[in-house]
Amino acid sequence: MSETGKAGALSRWEDEGGALRCGPQEALAADCEKWDTPPLSDAEIIQLRIRVIALENMVLGLLSKASADQLAAIEEIAEFISPRADAKPHPLTLHAATQMEHFVERARRFREE
């Protein structure tokens with residue numbers, strides 16, 4: 001991965017995927033405070049949890065077939081995830097980097113079996 005590519009990917013991580021107050025498309029959106037978005041119901045939250053678990057398992061399945069170079073690249077990206085020099089570390093971002101490393105470790109265990 002090129003240094004420019006890494007820098008771009010990491011800059012998005014630094015602020016939780018580029019999300020601004022109203023999401024990553026804030027600059028293009030109308031005043032987001034006017035949006036009438038109801039809170040998620042318990043059923044919707046449960047469905048989101050189920051989908052995240054399913055996605056995690058699908059990613060793990062794909063990573064279990066990834067090359068050693070691909071797994072190393074994921075670990076390398078996780079090591080680069082850090083806050084900007086002028087920003088306070090965000091616990092969720094740092095935890096996401098740890099989760100990336102854990103995914104690679106789990107994928108390697110599946111490869112060994």
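None of the values given here were measured: they were computed from a predicted structure.

1. Observations concerning the packing of aromatic side chains
- This model, assessed by the stated rule, comprises zero aromatic pairs.
- The cationic tip of Arg-106 hangs over the ring face of Phe-103; the distance from NZ or CZ to the ring centre is 5.6 Å.

2. Thoughts on the pattern of salt bridges
- A complete count under the given rule lists one salt bridge for this structure.
- Here Arg-108 ties to Glu-75 by a salt bridge, and the two come within 2.8 Å at their closest N and O atoms. Linking Arg-108 in helix α4 (residues 91–112) with Glu-75 in helix α3 (residues 68–80), this pair joins segments that are 33 residues apart in sequence.
- Residue class for Glu-75 comes out partly exposed when judged on its relative accessible area of 24%.

3. Structural notes on the nonpolar core
- Counting seven residues, the largest nonpolar core is built from Leu-60, Leu-63, Ala-66, Leu-71, Phe-103, Val-104 and Ala-107.
- Among the elements that line this core, the one with the most residues is α4, at three residues.
- Beyond its immediate stretch of four places on either side in the chain, Phe-103 contacts Glu-56, Val-59, Leu-60 and Leu-63.

4. What about α3?
- Between its first and last C-alpha atoms α3 spans 19 Å; for 13 residues at 1.5 Å apiece the expected length is 18 Å, and the two agree.
- Within α3, burial applies to Leu-71, Ile-77 and Ala-78. Here the buried residues of α3 occupy an arc of 120° about the axis, which is enough to place them on one side. Exposed residues lying more than 90 degrees from the buried face of α3 are Asp-69 and Glu-79.

So, how was this worked out
- Residues numbered from 1 in each chain as written.
- Predicted model: local features only at pLDDT ≥ 70, side-chain atom pairs only at ≥ 80, totals over all residues.
- Heavy atoms only, no water.
- Phe/Tyr/Trp six-rings, centres within 6.5 Å; stacked < 30°, edge-to-face > 60°.
- Lys NZ or Arg CZ within 6 Å of the ring centre and 35° of its normal.
- Salt bridge = Lys/Arg side-chain N within 4 Å of Asp/Glu carboxyl O.
- Helix = DSSP H or I, 4+ residues; strand = E, 2+ residues; numbered from the N terminus.
- Buried < 20%, exposed > 50% of the residue type's maximum accessible area, 1.4 Å probe, protein only.
- Core = buried A, V, L, I, M, F, W, Y, C linked by side-chain atoms within 4.5 Å.
- Contact = heavy atoms within 4.5 Å.
- Expected span 1.5 Å × (residues − 1).
- Arc of directions from axis to C-beta.

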